[in-house]
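Architecture at a glance
Below are the chains, spelled out letter by letter.
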Amino acid sequence: MQITEGISYVGVNDHNIDLFEGQYDVRQNGMSYNSYVVLGQKIAVMDTVDGHFVEEWLGNLDAALAGRTPDYLVVHHMEPDHSAGIAAFMERYPAAQVVASAPAFKMMKAYFGTDFADRRVIAKEGFELDLGGHELTFVGAANVHWPEVLFSYESTTKTLFSADGFGKFGALDVEDPEGWACEARRYYFGIVGKFGRNVQAVLKKAAGLDIARICPLHGPVLDQNLGYYLDLYNTWSSYEPEDKGVTVAYASVYGNTRQAALELAGALEARGQKVSVFDLARDDMAEAVEDAFRYDRLVLASVTYNGGIFPCMGTFIRTLAEHAYQNRTVALVESGTWAPTAAKVMRAQLEEMKDVAVLEQVVTVRGALDDATHAQIAALADELSK
Ligand SMILES: Cc1cc2nc3c(=O)[nH]c(=O)nc-3n(C[C@H](O)[C@H](O)[C@H](O)COP(=O)(O)O)c2cc1C
């Protein structure tokens with residue numbers, strides 16, 4: 001499939017995968033592993049694909065090459081879902097060279113037992129590769145989200161190859177009814193979110209380029225309205241809330257904490273607030289993480305459990321911390337029968353995070369909800385809606 005003059009798509013779709021990177025549920029729409037070919041007087045193949053699809057990818061490549069032979073394999077990122085075909089490619093095209101960063105070659109040694117010492121071109125920030133009619137310039141993108149990552153920019157077609165940046169869950173042969181942002185956001189905060197500072201650094205470099213299209217390693221090629229995508233990445237990577245709204249995440253055993261969380265959600269909606277609710281034991285936690293970052297306010301509601309908090313709430317808070325959750329307002333709901341301490345425990349964990357304001361006002365459920373709890377919920381809804 002031609003992307004633009006001299007650039008073709010040779011990637012694959014995966015509908016067999018259940019958990020991407022071992023934890024992100026993609027059973028509904030699958031996943032794409034993108035690979036591209038830049039056909040100048042010389043030919044560069046941009047990345048490979050997941051190990052289950054190397055034969056299919058080589059077939060796609062054959063068709064795009066139309067009898068020609070590639071000169072280079074450009075490796076922007078060494079994660080196995082993009083690098084699994086390197087050895088097969090090098091065997092099939094013995095005159096080709098690999099172009100990658102120095103740390104990427106160390107990883108090749110670790111994965112394939114060779115760093116292709118006699119067939120390698122080491123690229124770094126500013127390195128140029130002239131393909132004749134197409135010219136690649138490499139952009140350092142270390143820790144977006146692995147240390148060896150490079151982006152590259154093809155100046156003739158104004159194409160940015162952005163590795164996992166601007167990636168999205170979902171195969172390319174199914175229409176995503178939610179559009180780009182929803183699954184791109186879940187992908188970003190799950191996989192790249194911890195590395196906001198590095199994303200900011202590469203966005204600053206990208207701002208100096210005249211970009212007509214972005215070719216990521218997952219999800220669709222972006223070639224319309226690029227400001228929209230770049231603005232979202234700027235918002236996400238600077239940890240600014242994208243929208244005003246409240247994410248309510250609860251952990252409940254017998255349903256009373258759940259009832260309090262739902263009553264609060266309803267009260268917030270009645271006050272005109274946008275609300276999204278998650279049962280942390282049952283719903284996709286990556287979606288809860290996504291919405292916690294998307295909105296400016298968060299409610300955590302947990303049972304007291306052996307003097308602490310319920311395990312899935314502990315996992316959720318730890319995941320937020322690992323992803324550098326910051327710059328938000330959080331309110332707490334707790335329940336407990338003899339000594340409710342969940343709010344205290346959650347507060348201590350949240351106070352470790354940067355610029356997270358935890359409201360003093362707490363809802364405490366002792367057993368079942370009563371008049372006092374209903375009043376606390378209404379008061380907290382008022383406070384959160386100010
Ligand atoms: C295994 C277990 C441990 C608990 N530990 C505590 C505790 O340390 N302190 C407390 O006050 N309540 C404790 N509880 C009681 C719950 O916090 C209480 O039943 C709560 O109201 C449950 O809310 P839910 O209806 O949302 O599940 C515990 C309950 C269970 C099942």
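Residues numbered from 1 in each chain as written. Predicted model: local features only at pLDDT ≥ 70, side-chain atom pairs only at ≥ 80, totals over all residues. Heavy atoms only, no water.

Some words on the pattern of salt bridges
We count it as follows: The term salt bridge refers to a side-chain nitrogen of Lys or Arg lying within 4 Å of a carboxyl oxygen of Asp or Glu. Under the scheme applied here, a residue whose accessible area is under 20% of the maximum for its type counts as buried, over 50% as exposed, and between as partly exposed, the area being computed with a 1.4 Å probe on protein chains only.
Overall, the coordinates contain 17 salt bridges when judged by the stated rule. Of the charged contacts in the structure, one is a salt bridge between Arg282 and Asp279, with a shortest N-O distance of 2.9 Å. Since its relative accessible area comes to 65%, Arg282 is described here as exposed.

So, the pairing of strand S19 (residues 295-305)
Stated formally: In this text, helices come from DSSP runs of H or I with a minimum length of four residues, and strands from runs of E with a minimum of two, each type numbered from the N-terminal end. Being paired, for any two strands, means DSSP has found at least two bridges between them.
The buried fraction of S19 is high, at nine of 11 residues. Both strand S17 (residues 243-251) and S19 contribute to a ladder of seven bridges, which runs parallel. Paired with Asp243 across the bridge in S19 is Tyr295. Bridge count between S19 and strand S21 (residues 328-335): seven bridges; the pairing is parallel. Along S21, the bridge assignment pairs Val303 with Ser335. In terms of strand pairing, S19 meets strand S20 (residues 308-309) through two bridges, oriented antiparallel. Among the inter-strand pairings, Thr304 is bridged to a residue of S20, identified as Ile309. Hairpin geometry of S19 and S20 is characterised by an intervening segment of two residues between the two adjacent antiparallel strands and by a positive phi of about 50° at Asn306.

Some remarks on the packing of helix H8 (residues 256-270) against helix H12 (residues 371-384)
Selection criterion: Angular values range over 0 to 180 degrees, each being the angle between N-to-C directions of two axes fitted as lines to C-alpha atoms, with helices fitted over their stretch in contact. Angular relationships are summarised with four words: roughly parallel below 35 degrees, roughly antiparallel beyond 145, roughly perpendicular across 65 to 115, and oblique for the angles in between. Crossing chirality is assigned from the near helix's rotation relative to the far helix, an anticlockwise turn below a right angle marking it left-handed and a clockwise turn marking it right-handed. Two residues form a contact once any of their heavy atoms are found within 4.5 Å. The residue classification treats Ala, Val, Leu, Ile, Met, Phe, Trp, Tyr, Cys and Pro as nonpolar and Asp, Glu, Lys and Arg as charged. All others, Gly included, are polar.
At a minimum axis separation of 9 Å, H8 and H12 run at an interaxial angle of 45°. Relative to H12, the element H8 is oriented oblique. In the crossing of H8 with H12, the sense of the turn from one axis to the other is right-handed. For the pair formed by H8 and H12, the contact residues are Ala260, Glu263, Leu264, Ala267 and Leu268 on the first element and His374, Ile377, Leu380, Ala381 and Leu384 on the second. Residue composition of the contact of H8 with H12, grouped by class: eight nonpolar, one polar and one charged.

Some points on the site of the ligand
We apply this condition: When we say a residue is near a molecule or strand, we mean one of its heavy atoms is within 4 Å of it. Any pair of N or O atoms that falls within 3.5 Å is considered a polar contact. Within protein, one atom must be able to donate a hydrogen and the other to accept it, and sequence-neighbouring residues count only if both atoms are side-chain atoms. All accessible areas in this document rest on Shrake-Rupley with a 1.4 Å probe, and a residue is counted as covered only by the protein chains that are shown.
Lining the immediate environment of the ligand, one finds 17 residues, of which Ser252, Val253, Tyr254, Thr257 and Ala339 sit closest. Measuring from an oxygen atom of the ligand, one finds a backbone N or O atom of Val253 at 2.6 Å. For the ligand, an oxygen atom lies 3.2 Å from a polar atom in the backbone of Gly255. Protein contacts shield 85% of the accessible area of the ligand, which totals 630 Å² for the unbound molecule. Within the residue set of the shell around the ligand, elements represented by two or more residues are H8 and S19.

Observations regarding the sheet that holds strand S16 (residues 213-215)
Read from one edge to the other, the open sheet built from five strands follows the order S12-S13-S14-S15-S16, with strand pairing classed as mixed. Of all strands in the sheet, those bounded by a partner on one side alone are strand S12 (128-130) and S16. Adjacent strand axes in the sheet meet at a mean angle of 20°, parallel and antiparallel pairs treated alike. Pairing analysis gives five bridges linking strand S13 (residues 135-140) to strand S14 (residues 150-154), with the strands arranged antiparallel. Residue pairing for S14: Phe138 is matched across the bridge by Ser152.

Regarding helix H6 (residues 196-207)
Let me state the cut-off plainly: The span expected for a helix works out to 1.5 Å for each residue beyond the first.
An ideal rise of 1.5 Å per residue puts 16 Å on 12 residues; H6 measures up with 16 Å between its terminal C-alpha atoms. Restricting attention to buried positions, one finds in H6 the residues Gly196, Val199, Gln200, Val202, Leu203 and Ala206.

With respect to the domain arrangement of the protein chain
Worth spelling out the cut-off: The domain limits used here are those given by an automatic or database domain assignment. Here the quantity called buried area is the accessible surface, traced with a 1.4 Å probe, that two parts lose on coming together, added over both.
We note that the domain assignment places domain 1 (2-237) and domain 2 (243-384) within the protein chain. Computed from C-alpha atoms alone, the centre-to-centre distance between domain 1 and domain 2 is 38 Å. Listed per partner, the contact involves nine residues of domain 1 and nine residues of domain 2. Buried area between domain 1 and domain 2, both sides added, is near 830 Å², and the carbon and sulfur share of it is 58%.

A closer look at the nonpolar core
Within soluble globular proteins, side chains that are nonpolar generally end up buried alongside one another. The condition is simple: By nonpolar core is meant a set of buried Ala, Val, Leu, Ile, Met, Phe, Trp, Tyr and Cys residues that side-chain atoms within 4.5 Å join together.
If you look at the biggest cluster of nonpolar residues, it comprises 95 residues, and the most contacted ones within it are Phe20, Trp57, Leu61, Met108, Leu300 and Phe316. The two domains that each donate at least three residues to this core are domain 1 (2-237) and domain 2 (243-384). Those residues in contact with Phe316 that sit more than four places away from it in its chain are Ala249, Leu280, Met285, Ala288, Val289, Ala292, Leu298 and Leu300.

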